[in-house]
Amino acid sequence: MEAKLRRGGVSMDRQEPLTTSYGSRVKPSGGIELTAWLFMRISGIVLLVLALGHLFIMHVFNSVHVIDYDFVARRYVKIFWRGYDLTMLWLAMIHGLNGMRTLVDDYLHPPARGIVVKGMYVVGGLFLILGTWVIMAFRSP
Amino acid sequence: MREVAFKILRFDPEKDSKPHWESYRVELEPTDRVLDGLEAIKGSVDGSLSLRRSCAHGVCGSDAMLINGRNRLACKVLVKNVKQPIAIEPMRGFKVIKDLIVDMEGFFSKYRQVSPYLIEAGPAPEKERLQSPEERERFDDTTKCILCGACTTSCPSFWADPDYIGPAAIVQAHRFIFDSRDAGKEKRLKIMNEKEGVWRCRTVFNCVEACPRGINVTRAIAEVKQALVRGKV
Ligand code: HEM
Ligand code: FES
């Protein structure tokens, strides 16, 4: 170590680095908050495509006056659209619920915080089950 | 010399139940700084005005306060560059002790939490610990912090959640996490990865706007998040 440091100048021998953890793997990564943060970015990017796609298909190229039972039935013949809606449903619900958890954390304090967050999870969970059920169980005639 | 108007949010815990605005007029040169105005008020109008300052040259970080609604060092803002009456308030999110003096104990205890000193890797060398210019450059930005508190008290996440470790402590952690000579990264990253650590940051950028040293605080926070996500520095 001494010999290496004596070499002077600024260029140190990178072949035998000082025994620091620089450039090394860092153990304490992972964890709920990290995962939630990463999920918000990834689901955000995917939702950008899915939600905008949804908006254009349903409300620009078509409209609420065109969308009826037949429209949905024709669409749901294709497994693709069921997958599209299912992915969007799950990503948007979890993304939205986690976003709301962040907001509730800001404005409420225990015990109200825990009650509201759990309440949101229950309502969100019901919507998820209901939505998933409809998408999966719908029978196109 | 000409007259400059100030309004200052005053609070004396022994007399007031809540802060109130007071107006002042003092003679100043246009090239005088807001700090000079406050000193003039304290010196010749109302000696009970309480504020912190030490170096008066933007180095010590004592006199961060809200000047016309923005976190600034009073010693770095010229009177001629701000609208009158110049509104002066204590930094937001800290408990006000008196007038512009706030309780920064929590702020500094979070600073201490990140072990803001070099943690040695192995025995000390005979001379200095060498580092290449590139390695030094890696954390250059975050060495500039003077711990004035302007970033942390401009952050809405901190206002909402006083337990959030805050941008200043993250900047200090960054300064050592990315230092090639330091061996305490895991310890600091572990704190950064907690619920009240970097994940509380919502990328609002107020801290960047507030920093009197021009540190890109949000970038430093993002680099710490990235180190955690990738699991490597
Ligand atoms: C269209 C594409 C979308 C993108 C790119 C996106 C992106 C993001 C990102 C990156 C965050 C985290 C912000 C931060 O912590 O710094 C976020 C937060 C949030 N998102 Fe989305 N999102 C999208 C759609 C949605 C949808 C459809 C919902 C509702 C179901 C939603 C509800 C929320 C909520 C409530 C927050 C929390 C806000 C906050 O922390 O202040 N987002 N979004
Ligand atoms: S008095 Fe030292 S930073 Fe302004």
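Residues numbered from 1 in each chain as written. Chains lettered and ligands numbered in written order. Predicted model: local features only at pLDDT ≥ 70, side-chain atom pairs only at ≥ 80, totals over all residues. Heavy atoms only, no water.

### Here we look at the sheet that holds strand β2 (residues 20-28) of chain B
Residue and element names in this part refer to chain B.
In step 1: The 5 strands are arranged β2-β1-β5-β3-β4 in an open sheet whose pairing can be described as mixed. A strand with exactly one partner marks an edge of an open sheet, and here the two such strands are β2 and β4 (70-73). Mean inter-strand twist for the sheet, computed between neighbouring axes without regard to direction, equals 35°.
In step 2: Against the sheet, helix α1 (residues 34-45) contacts β1 (2-10), β2, β3 (64-67) and β5 (86-89), and its axis sits at roughly 100° relative to β2. (Pairing = 2+ DSSP bridges. Helix = DSSP H or I, 4+ residues; strand = E, 2+ residues; numbered from the N terminus. Axes fitted to C-alpha atoms, helices over the stretch in contact; angles between N-to-C directions. Contact = heavy atoms within 4.5 Å.)

### Examining the coordination of the iron atom of ligand 1
As a benchmark, a tetrahedral metal site with four donors has ideal angles of 109.5 degrees, while an octahedral site with six donors has ideal angles of 90 or 180 degrees.
In step 1: A lone protein donor binds the iron atom of ligand 1: His95 of chain A (NE2), at 1.9 Å.
In step 2: Its location among the elements puts histidine 95 of chain A in helix α4 (residues 79-107). (Donors = N, O, S within 2.8 Å, 3.2 Å for Na, K, Ca; no water.)

### Remarks on the domain arrangement of chain B
Residues and elements named next belong to chain B.
In step 1: Per the domain assignment, the segments of chain B are domain 1 (2-102) and domain 2 (105-230).
In step 2: Taking only C-alpha atoms, the centre of domain 1 and the centre of domain 2 are 29 Å apart.
In step 3: At the junction of the two partners, domain 1 supplies 14 residues and domain 2 supplies 14 residues.
In step 4: Of the roughly 1,100 Å² buried at the junction of domain 1 and domain 2 (both faces included), carbon and sulfur atoms supply 56%.
In step 5: Looking only at domain 1, the three residues that lose the most surface to domain 2 are Asn71, Arg92 and Phe94, adding up to 41% of its buried area. (Domains from an automatic or database assignment. Buried area = accessible area lost by both parts, 1.4 Å probe.)

### Focus: the packing of aromatic side chains
In step 1: The full count for this structure, using the stated rule, is 11 aromatic pairs over all chains.
In step 2: With a centroid separation of 5.1 Å and an interplanar angle of 45°, the aromatic rings of tryptophan 37 of chain A and tryptophan 199 of chain B are classed as tilted. Note that tryptophan 37 of chain A is positioned in helix α2 (residues 32-61) and tryptophan 199 of chain B in the loop between α6 (185-192) and α7 (206-210), a pairing that runs across two chains.
In step 3: Relative accessible area serves as the criterion here: at 7%, tryptophan 199 of chain B is assigned to the buried category. (Phe/Tyr/Trp six-rings, centres within 6.5 Å; stacked < 30°, edge-to-face > 60°. Buried < 20%, exposed > 50% of the residue type's maximum accessible area, 1.4 Å probe, protein only.)

### Quick word on the site of ligand 1
In step 1: Taken together, 14 residues lie around ligand 1, and Arg41, Gly44, His95 and Gly99 of chain A together with Arg202 of chain B are the ones closest in.
In step 2: Among the chains of the assembly, those with residues near ligand 1 are chains A and B.
In step 3: In this structure, arginine 202 of chain B approaches ligand 1 through a side-chain N or O atom, which is 3.0 Å from an oxygen atom.
In step 4: Broken down by secondary-structure element, the contributors of at least two residues to the shell around ligand 1 are α2 and α4 of chain A.
In step 5: No other element matches α4 of chain A, which puts 7 residues into the shell around ligand 1.
In step 6: In terms of residue class, the shell around ligand 1 is made up of 6 nonpolar, 6 polar and 2 charged. (Near = heavy atom within 4 Å. Polar contact = N/O pair within 3.5 Å; in protein donor to acceptor, adjacent residues only side chain to side chain. Nonpolar A, V, L, I, M, F, W, Y, C, P; charged D, E, K, R; others polar.)

### Brief notes about the pairing of β3 of chain B
Residues and elements named next belong to chain B.
In step 1: The side-chain alternation of β3 yields two buried faces, one formed by Ala64 and Leu66 and the other by Met65 and Ile67.
In step 2: With 4 bridges joining them, β3 and β4 adopt antiparallel strand pairing. Paired with leucine 66 across the bridge in β4 is asparagine 71.
In step 3: Following β3, the chain reverses through 2 residues before pairing antiparallel with β4; asparagine 68 in that reversal takes a positive phi of roughly 45°.

### Remarks on the environment of aspartate 70 of chain A
In step 1: Examined against the element boundaries, aspartate 70 of chain A turns out to sit in helix α3 (residues 69-75).
In step 2: Between the C-alpha atom of aspartate 70 of chain A and that of tryptophan 81 of chain A, which follows or precedes it by 11 residues, the distance is 14 Å.

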